[in-house]
Amino acid sequence: MRANAVARLEARLSELAGAPVELERPNDPEHGDYATNVAMQLAPVRKRSPRELGEELAAAALGLEEIERAEVAGPGFVNFWLAADWFGEALAENGKVVVTGCLGVKQQLIKDAHPSVLAVTGPHDTPAVMKAVHAHLPKPHDPYTDLVPPQGIKLTPAHYAYLKISEGCNHRCTFCIIPSMRGDLVSRPIGEVMLEAENLVKGGVKELLVISQDTSAYGVDVKYRTGFWNGRPVKTRMTELCKALGQLGPASGGGPLWVRLHYVYPYPHVDEVIPLMAEGKILPYLDVPFQHASPRILRLMKRPASAEKVLERIRAWRAICPQITLRSTFIVGFPGETEAEFSQLLEFLDEAQLDRVGCFAYSPVEGAAANDLPHAVPEEVKEERRGRFMEKQAAISSTRLKNRVGKTLTVLIDSPGVGRSQAEAPEIDGVVHFQGGRAGDFRNVLVDRADEHDLYGKLQ
């Protein structure tokens, strides 16, 4: 097949060059690499540099007015031309062809040249290849695996699911032992993550809760490598993942889809997802564990940032997306924490006006580096501080929830009479109470009152 394609390429290049062109043949014509020398051989004939000649031939052979549309030049053009010719031969012989590999990134060019190919996928995208194959050739029944639904088996209710995107963590927070148990960050391939998300939505899931030990570090370990989903290139990175998930609901035929981010370490690039929230692509909800506000305690914890910078970012996030809900967790009674430093934390709460907050009294987990720090805080002081902290936050929460009274909220019903708006994650935040409803349905609720944690209203 390849020898025939090379002969046709010789004829086409001879026509373009205005002189006979004969390409070198290696010993094995079925596997030789012709691309590396074509432009060099033709350069003297046309008196062009190899690069210029490759671009000229690309434009002429592909019939393109703008070379940029081809995204190929020089030897790269020759590889594409040969490959496109082989696709034609394969279609003529077989009638059914799936194109996969590096040339899959030039999906539109391939489809323009051969509209009848069944599918075009990128490299290392086995799920997309098998999906294309099974779309035209049904998968044989396997009695051992086919009882498992496509979305897998999950322990959450039918209408929401957790989507884990990575395992492990590169940070060495002194209060945490996760790296010693689960190792450094290992990101799942983005195509695999998206396929799981797609199957969950097709199976009826209406809310995806994106989780990991460090969601915003997704892809760091693979240097944000480009993966493929449904034949399209997608970077292994949190922002690009959010964009892809934001397209998933309508594309998968599952209706409305909520995408909620959890465990987001406050890296600078987290700012990139706030406009997506403002546009309604993902939920305006951000779970960021700030842990403390005292610079000294944060250094002892080996945590980033300072309270001033965090407050500045919160103001910026709210300016872009006023409806954003901010959730965080904090530790009080960390070794060495003084009363003055605890007061700094209370002042931070007043300034930040966070919507949802969790607080833990420091507990010496076996193996945590913080256990070796001096000046441990007595247990009774830890609990007293935690009580004061939660009392402060309860007042803030009550005020913020009262601002939602009189508004009509879209609610996802968890069980008859209980649901959640976009501002509440399952099991960790408050809920919305009402009468009636069916689990898994989206309904509107007119809020008529609020307390420190929950909202109350009537189905509309």
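For the structure given in this document, a descriptive report is provided here. Values in this document were obtained by computation on a predicted structure and should not be read as measured data.

The rules we used
Residues numbered from 1 in each chain as written. Predicted model: local features only at pLDDT ≥ 70, side-chain atom pairs only at ≥ 80, totals over all residues. Heavy atoms only, no water. Helix = DSSP H or I, 4+ residues; strand = E, 2+ residues; numbered from the N terminus. Contact = heavy atoms within 4.5 Å. Areas by Shrake-Rupley, 256 points an atom, 1.4 Å probe, with all protein chains shown as cover. Salt bridge = Lys/Arg side-chain N within 4 Å of Asp/Glu carboxyl O. Buried < 20%, exposed > 50% of the residue type's maximum accessible area, 1.4 Å probe, protein only. Pairing = 2+ DSSP bridges. Right-handed = clockwise from strand over helix to strand, strands pointing away. Expected span 1.5 Å × (residues − 1). Arc of directions from axis to C-beta.

On to the overall build of the protein, then. A count of helices and strands for the protein gives 15 helices and 17 strands. Partitioning the contacts of the protein with sequence separation of at least 6, the portion at a separation of at least 24 is 66%. Of the roughly 22500 Å² of accessible surface on the protein, 55% is carried by carbon and sulfur atoms.

What follows concerns the environment of Gly191. Within the secondary structure, Gly191 is located in helix α8 (residues 190-202). Between the C-alpha atoms of Gly191 and Pro127, which are 64 residues apart in sequence, the distance is 7.8 Å.

Take the pattern of salt bridges next. With the rule as written, the count across this model stands at 28 salt bridges. Between Arg172 and Asp184 there is a salt bridge, and its shortest N-O distance comes to 2.5 Å. Of this pair, Arg172 sits in the loop between β4 (166-167) and α7 (178-182) while Asp184 sits in the loop between α7 and β5 (186-187), and the two are 12 residues apart along the sequence. You can call Arg172 partly exposed: its relative accessible area is 42%. When its relative accessible area of 43% is taken as the criterion, Asp184 is described as partly exposed. We note a salt bridge from Glu379 to Lys382, for which the minimum N-O separation is 2.9 Å. Separated by 3 residues within a single helix, Glu379 and Lys382 lie in helix α15 (residues 379-402), roughly one turn from each other. Its relative accessible area of 48% is what places Glu379 among the partly exposed residues. With relative accessibility at 5%, the residue Lys382 sits in the buried group. A single network of salt bridges, built from pairs that share partners, joins Glu337, Glu339, Glu384, Arg385 and Arg388.

Summarising burial for strand β11 (residues 325-332): 8 of the 8 residues are buried, a large majority. Side chains Thr325, Arg327, Thr329 and Ile331 of β11 all project onto a buried face; the interleaved residues Leu326, Ser328, Phe330 and Val332 project onto the opposite face, where all are buried too. Relative to β11, strand β10 (residues 285-287) runs parallel, the two sharing 3 bridges. If you follow Asp287 over to β11, its bridge partner there is Arg327. Note that β11 and strand β12 (residues 356-361) share 6 bridges and pair parallel. Pairing of Thr329 across the sheet is with Gly358, part of β12. As for the winding sense of the linkage, the β-α-β connection from β11 through helix α14 (residues 339-352) to β12 is right-handed.

Moving on, we come to the sheet that holds strand β16 (residues 442-450). With mixed pairing, the 5 strands of this closed barrel are ordered in space as β13-β14-β15-β17-β16. Relative to strand β14 (residues 418-420), strand β13 (residues 408-415) runs antiparallel, the two being bridged by 3 bridges. Residue pairing in the sheet places Ile413 in a bridge with Gly419 of β14.

Glancing now at the environment of Thr399. Take Thr399: it is sitting in helix α15. Using a relative accessible area of 44% as the deciding quantity, one classes Thr399 as partly exposed. Sequence-wise, Thr399 and Glu452 are 53 residues apart; in three dimensions their C-alpha atoms are separated by 7.9 Å.

Spanning 14 residues, helix α13 (residues 307-320) covers 20 Å between terminal C-alpha atoms, matching the ideal 20 Å at 1.5 Å per step. Looking at α13, one finds that the buried residues are Ala307, Val310, Leu311, Arg313, Ile314 and Trp317. Seen end-on, α13 carries its buried residues on one side only, within an arc spanning 160°. Among the exposed residues of α13, those pointing more than 90 degrees away from its buried face are Glu308, Lys309, Glu312, Arg315 and Ala319.

A word on the pairing of β13. Taken together, the 5 bridges between β13 and β16 define a ladder with antiparallel strand orientation. What sits directly across from Thr408, in β16, is Leu446.

Attention now goes to α8. In this model α8 runs 18 Å from its N-terminal to its C-terminal C-alpha over 13 residues, within 8% of the 18 Å that 1.5 Å per residue would give. Following α8 by one or two positions, Gly204 adopts a phi angle in the positive range, close to 110°.

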